[in-house]
Amino acid sequence: MAFTSASFIVLTIASVLLYYIVPKKAQWCILLLASAAFYMAGSVKAFAWVVLVAGMTWVTGLILGRYNAIKPADKAQKAQIQHKKKQIAIICAVCCFGLLYAMKYWNFTLELLPSALGNHIPRWDFVVPLGLSFFIFQSMSYVIDVYRGKYAPERNPLRYSLFVSFFPQMVQGPISRFDQLAPQLTAERKLCWDDLQIGIQLALWGYFKKIVIADRAAVLVNNVIMENCPYGGAVIALGILFYCIQLYCDFSGGIDITRGVARMFGIDMTLNFRQPLFSTSLTDYWRRWHITLGAWMRDYVFYPLAFSKPFGKLGKWARKHFKGMMGKICATSTATFIVYLIIGIWHGANFRYIAFGLWNGILITASLLMERRFLSWKEKLHINDKSTGWRIFMTVRTFGLVFIGRYFTRAPRLKTVFTLLGTTVLHPHFSEFTSVVPTLGLGISDFIIIFVGILIVHGVEFFEERGTDVQAWLNERPALMQLTVLTVSLVVLLLFGIFRAGYISSEFIYKQF
Amino acid sequence: MNAKKWVLSLPVIVLILAALLAGFNYVTDPFGAFGDRFMQWFSYDETNNPRAAKISYLEQHHDEYDSYFLGCSSTSSLPTESFNEMLNAKFYNLIMYGADMKDCEKIANYLIDNYTVKNLVLNVYLDNGLTYDDESNKLTHSLHYKTDPDMSALSYYSRFLLADPRYGYQKLVNKKKDTLMPQSFDVFDEQTGAYDKRVRDVEPIGSTADYLNAYPVFTNYPNHEPLHLYKTEACMQSVAAIRKVCEENGVNLIVLTAPVYTDYYKNFYDEDITNFYESLAKVTDYWDFSSSSVSSEPRFFYDSTHFRNNIGEMMAARIAEKEYPDFTPAITAIPSDFGTYVTADTPHDYFTQRPAPRTDDDTAVQVPVLTWHQLTEDVSGSATISPETFRKQIQALSDAGCNTISLEQLRDYVYNGTPLPEKPIVLTFDDGYLSNYEDAFPVLGEYNMKATIFAIGVSIGKDTYKDTDHAMTPHFGAAEMQEMVDSGLISIQSHTYDMHQWPPFEDGNDRVRETLAQLPGESDADYEAAVKADIQQSQQAIEPITGEKVNALSYPEGAYGTLTMDALRSQGIELTFTTQPGVNAIVQGLPQTLYSMHRITMTEDTNMDEFLAELAK
Amino acid sequence: MREKIIEILNEICPGNDFENETAIIDDGIIDSLDIVAVISELMEEFDVQLGVNDLTPENFNSVDAIVELIENAQD
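Residues numbered from 1 in each chain as written. Chains lettered and ligands numbered in written order. Predicted model: local features only at pLDDT ≥ 70, side-chain atom pairs only at ≥ 80, totals over all residues.

## Description of the sheet that holds strand β2 (residues 91-95) of chain B
All names here are of chain B.
- Read across the sheet, six strands follow the order β2-β1-β3-β4-β5-β6 without closing on themselves; strand pairing throughout is mixed. The outermost strands of the open sheet, each flanked by one partner alone, are β2 and β6 (340-342). Each strand axis lies, on average, 25° off the axis of its neighbour in the sheet, ignoring direction.
- Bridge analysis of strand β1 (residues 67-71) against strand β3 (residues 119-123) gives four bridges, and the strand direction is parallel. Bridging from a neighbouring strand, Leu70 pairs with Leu122 of β3.
- Here helix α5 (residues 101-114) sits on the sheet and contacts β1, β2 and β3; the angle it forms with β1, its principal contact strand, is near 165°. (Pairing = 2+ DSSP bridges. Helix = DSSP H or I, 4+ residues; strand = E, 2+ residues; numbered from the N terminus. Axes fitted to C-alpha atoms, helices over the stretch in contact; angles between N-to-C directions. Contact = placed C-beta atoms within 7 Å.)

## Describing the interface of chain A and chain B
- Listed per partner, the contact involves 14 residues of chain A and twelve residues of chain B.
- Among the secondary structure elements, those contributing two or more residues to the side of chain A that touches chain B are α10 (193-224) and α22 (479-498) of chain A.
- Split into classes, the residues belonging to the side of chain A that touches chain B amount to ten nonpolar, three polar and one charged. (Nonpolar A, V, L, I, M, F, W, Y, C, P; charged D, E, K, R; others polar.)

## Examining the environment of Ile240 of chain A
All names here are of chain A.
- Positionally, Ile240 belongs in helix α11 (residues 233-264).
- Measuring from C-alpha to C-alpha, the distance between Ile240 and Val221 comes to 7.0 Å, with 19 residues separating the pair along the chain.
- Among all residues touching Ile240, those that are not within four sequence positions of it are Ile225, Phe403, Arg406, Tyr407 and Arg410.

## Considerations on the interface of chain C and chain A
- With nine residues of chain C at the contact, the number on the chain A side is 15 residues.
- Partitioned by chemical class, the residues of the side of chain C that touches chain A number five nonpolar, four polar and no charged.

## Examining the confidence of the model for chain B
- Here chain B averages 93 in pLDDT, and 100% of its residues register 70 or above.
- Scored as a whole, the predicted complex attains pTM 0.80, and scored at its interfaces, ipTM 0.86. (pLDDT = per-residue confidence, 0-100.)

## Quick look at the packing of helix α2 (residues 27-42) of chain A against helix α8 (residues 157-165) of chain A
All names here are of chain A.
- Contact geometry of α2 with α8 gives a least axis separation of 10 Å together with a crossing angle of 50°. Comparing the axis directions of α2 and α8 gives the class oblique. As for the relative orientation of α2 and α8, their crossing is left-handed in sense. Contact residues: Trp28, Leu31, Leu32, Ser35 and Tyr39 in α2; Leu158, Arg159, Ser161, Leu162 and Ser165 in α8.
- Across the contact of α2 with α8, the residue classes tally to six nonpolar, three polar and one charged. (Parallel < 35°, antiparallel > 145°, perpendicular 65-115°, else oblique. Left-handed = near helix turned anticlockwise from the far one by under 90°.)

## Concerning the domain arrangement of chain A
Residue and element names in this part refer to chain A.
- Looking at chain A, the domain boundaries give domain 1 (6-191) and domain 2 (278-410).
- With centres defined by C-alpha atoms, the gap from domain 1 to domain 2 works out at 29 Å.
- It is helix α7 (residues 132-147) that contributes the most residues to the side of domain 1 that touches domain 2, four residues altogether.
- Considered class by class, the residues forming the side of domain 1 that touches domain 2 number six nonpolar, three polar and one charged. (Domains from an automatic or database assignment.)

Structure (structure tokens):
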């Protein structure tokens, strides 16, 4: 069920109405029913996978909780309990990530094997369930947190299932944490008009980004970025630029819809984007883009890795052999590199995603190792890093690096990535701007709409970045202005979004990741 | 404004916007879903969605019809008038582009249940084995809910009331651009329901090479990997259902298979094609026009899949031959292998036949048309020639073995297949000067050669310019005309009645018509009326004297437009001549090859040796 | 111990007043990478074992908190 489908909107309206009508004790059941309906509407088989994962992690949580409750008599028993817990958590992790691996990466692995061998192993052609990696990551964070003793496990399997399957976040996250989300899901609430207003506004904003900007930009992207692309570098670069626009507006728009819908139930979901356009470095970018994935990777991959025994040894070894900073951060840099590599692979089963991981990993690790040198250069050149000019330079530079990275995520395969990059640099053919661009499926009006749309998005984010709450500001304007803005927004959504020529409700780019 | 008011105003605004949208869509009705009450522009609506709009049209007009053509777009070329005459019926063409047999079945049921239906002509095309019960785009392919038991009125109304307002807006914009002739947005003829092919039906066609050049689709035919006709069985079940409902209700059902262009067959697996037609024979007898020499002649097709209206006339003629002998068809020059009545007993081998591939051999007869104006000793320019030179030219043509033919012979060849002599040639004179009678006619008589004189109606028998004292070259009168026609050699045809005016003599007339072309700023309707009136006058001026039909015209100065030819055709003009030099490629069964024919102007300086050598090529 | 900790913090994230800071993590003065480096240094310096479980913002938001964390670990 796509966010842009009428059935999603009907489901949302119906569940919001019911949510505030039923007795408060039953409110969370409405959310659970709505979530089940959402998933069943897509595929019953896929629904079974959610139930399986939820069931497995719930049971694991209970067992881990039981061990946590034991007060160890001595160190030996403590170690024994710790060992048991570890075993259980590892079994659960292997099952969950094994499932993820089987569904998303098995066929890719087969392709890597020599064909004589690969052809004899059956392929796994299951339909990948909607948002598979999102709910696996989310439930694994619960298991690990319980393992770490961060909180007690949830005893009620239905309440726990709601945490795993809460419908607005099923498609593309954000990846929530149990302690942050679960209490909100099961809380009892009075109707709060402010929440409804803010939620609806957030969702409308998300729809604007998604169907007015992203879906429109996608037309050009799909006509340019392909195998054997016949165009010159300038058009390819335009295609990738539009892909950046499409990806951001589609993904962050979808998250806004998610957060908006959740807010209508009074639920405050965690942020997934914080004005990534204003990033001043690639590290900064990954802290602002898909925040919950980064945080998940930090808490459940980076820290365990950095504190693991092999990394401890590596750190000691590095301290001995390298002087100064280099020796001190060698281990963390390696861990960082691995995390970005995994983030790359998380995007999909393809060499180009591995390359995407390497691209980010290498740049970020290199910048870590070079940090001191950069600082001294800056001092020598008398650069004030608080100045606006420097910030703009850094922002543009960061966008350039992200832009290049997007060649990896959009091109159909790794070889094409390099072909496209090569053409961009070597054969720009600027004259194609006038001859080719008008033939790429977008009319003048579409370019204007995208341009104005981007200006609006950028403008809003500019104020958000400066700390203004744009929504609050808007809701304090005179009634007439508010009604005008609302009416214009609806007309814009209707004319430039829903009724785009030959409009077919599109699917999220991120939902299969 | 507090949050509560804001939230509650949202549904109110949504409802207001929805109401505005629905109102706009209802008034403009770009798909003809609601009967187009306000604009009544069905040719536009049907272009957007023939399925819904045609039923809306019939809801208001079904008492004007009692018979229907039904099928996908190739059904369009079945000739309404000929079928009306043949079956003494009033046909409406319910062609719907991309129609599958499920659509046809639903509509046939609706027609028979709700309207008077005497005859139903069902066209089965290869594509009907490819798609069945398909609804790819809801707005343009949706059936009218009244004809579709699978659709509720509610979903129908909500679909069209809440449609993209740009369709309605576009209709308003196009209304301003509307002309008499069809454009891409109004391709249907409201009254007959068929595609309005007036533009393509008056286009000069010419040689195979010219045609392929103008329509490269036949050279680069859109072929793809062969497809399976998986829906054949479902399609035939619907045909059987239509046959059953027709039998139960006493409706005369004629099933036919339209001509398929030869290269189109390559898009399907051969055994699937055989199975398709053979399966059809099992459920009903039918007229098969699918594979014949017609399929290999690109000039018989408008485009890669649609055969010409002329071919529809041939189909009517073929059906009449067997079943309705009282009917006189417009065209009887029909390829002998075109049209077979297929029954369940037709042997299997019949269905494995495919048309020959297209060749570059031109089946056309090359016919040069020569033209002169005035014969005089006082030679100046290309419109005059001395009688001596004229005689020499005629002598040379005769020596070269050229056989002059009348326009009637030419017409007979195209329409009825009457053979032409070797080396046919047509001689013509423009304007109707007295010298044609005094100097040319005797020479032609001497050599027993036929010629056509295109006379300006208003100038017949005059030596002063119309209603003035201005002297002009003398024109022959009624007596001369009669004498020439009686000789059996000369035919008098039209050079317009008064659309070849001479500006210096047209005192006080600020809209001088020097030619048949549309005047700047003249509306299409005014122009069409002027042309029709002029031709009627011309025919009234000539026909009573000669006792012959005026069905040919030479364009003054060679000027004309699409609208001109269409207006002329409606007045019975079947041959027209320009001043463009060249030889004409004339094809049996293609009346268009008689339109806008090329002519070679013969002058005092024409070198006959070179000229004849050129002709011989 | 306090001085040593501040020295470590300053070495890894120069230019901050750690002495009076009470929201080192919450304000994003040191990020996830730096904190790993800090912890490695602390483990090296004070010969204690710290793990992922100790990685909460509360444990690192101020120098006092870090002192407490290490003292607990030394026990």
